[in-house]
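# Reading the structure
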Amino acid sequence: MSGEVSETKSWTDDLPVCFYTGVGLSTNQIYKEDGYRREARECEDRSFHFKIDDHTFLYGVFNGKDGSSVADFSAQRMPAEILLGQLNDKTSPEAVKAVLSEAFLAVERSYFESIDDLLAERANLLCELPEGMELNHMMHTNNFRIL
């Protein structure tokens, strides 16, 4: 096996990137006893910066705290909700704000729809907990994560 990194191709890979600015990330580093630092955990934040036209740019930063699944989902869906014609002919701040609000709501609804099966499984597992055992105790002692 070669040392090549395999990355999943995304539909957003072909969108024009805004080269005027970018989005920076800082790794979560800790210092070891020997004085060297290492990454405490993989950065799970996601971002994008797209050029829509010569006067319009779209930026998004999504916090991946406690896992990257929501950040990944949002970074893929948000551009689709905004860039596929929704901003055409929207010039007033109120109209742009309305498009952005609708996009956030649509992405949120889509995410919850996508995890319906996981939520049902979680609810089922919660029902099967032994009597007297608290989920909070189980999660902390076994590094247990359902979602």
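Note that this is a predicted model, so its numbers are computed, not measured.

### Quick look at the pairing of strand β2 (residues 37-41)
Of the pairings in the sheet, the one linking strand β1 (residues 28-31) to β2 comprises four bridges and is antiparallel in character. Looking at β2, one finds that Ile30 is bridged to Arg38. The turn linking β1 back onto β2 is made up of five residues, and Gly35 within it adopts a positive phi angle of 95°.

### Points about the packing of aromatic side chains
This structure, assessed with the given rule, holds four aromatic pairs. Taking the centre distance of 5.0 Å and the plane angle of 15° together, the rings of Phe48 and Phe50 count as stacked. With respect to class, Phe48 is no different from Phe50; both count as buried. Plain terms: the ring middles of Phe73 and Tyr111 are 5.3 Å apart, the flat faces sit at 70° to each other, and that makes the pair edge-to-face.

### Structural notes on the side chain of Ser68
Here Ser68 shows up in the loop between β4 (56-62) and α1 (69-83). On the basis of relative accessibility, which here comes to 18%, the residue Ser68 falls in the buried class. Ignoring sequence-local partners within four residues, the contact set of Ser68 consists of Glu44 and Arg46.

### A look at α1
In this model α1 runs 22 Å from its N-terminal to its C-terminal C-alpha over 15 residues, within 8% of the 21 Å that 1.5 Å per residue would give. Of the positions making up α1, those classed as buried are Ala71, Phe73, Ser74, Ala75, Met78, Pro79, Ala80 and Ile82. Elements that come into contact with the buried residues of α1 comprise β3 (46-53), β4 and α2 (93-114). In the segment just after α1, Gly85 is the residue with positive phi, at about 95°.

### With respect to the pattern of salt bridges
Taken as a whole and judged by the stated rule, the model has three salt bridges. Put simply, Glu81 and Arg77 hold a salt bridge, and the shortest N to O gap is 4.0 Å. Residue Glu81 and its partner Arg77 are located together in helix α1, separated by four residues, close to a single helical turn.

### Section: the environment of Leu100
For Leu100, the position within the fold is in helix α2. For Leu100 and Met78, which are 22 residues apart along the polypeptide, the C-alpha to C-alpha distance reads 9.1 Å.

### Quick look at the side chain of Ser110
Positionally, Ser110 belongs in helix α2. Beyond its immediate stretch of four places on either side in the chain, Ser110 contacts Phe73 and Arg77.

So, how was this worked out
Residues numbered from 1 in each chain as written. Predicted model: local features only at pLDDT ≥ 70, side-chain atom pairs only at ≥ 80, totals over all residues. Heavy atoms only, no water. Pairing = 2+ DSSP bridges. Helix = DSSP H or I, 4+ residues; strand = E, 2+ residues; numbered from the N terminus. Phe/Tyr/Trp six-rings, centres within 6.5 Å; stacked < 30°, edge-to-face > 60°. Buried < 20%, exposed > 50% of the residue type's maximum accessible area, 1.4 Å probe, protein only. Contact = heavy atoms within 4.5 Å. Expected span 1.5 Å × (residues − 1). Salt bridge = Lys/Arg side-chain N within 4 Å of Asp/Glu carboxyl O.

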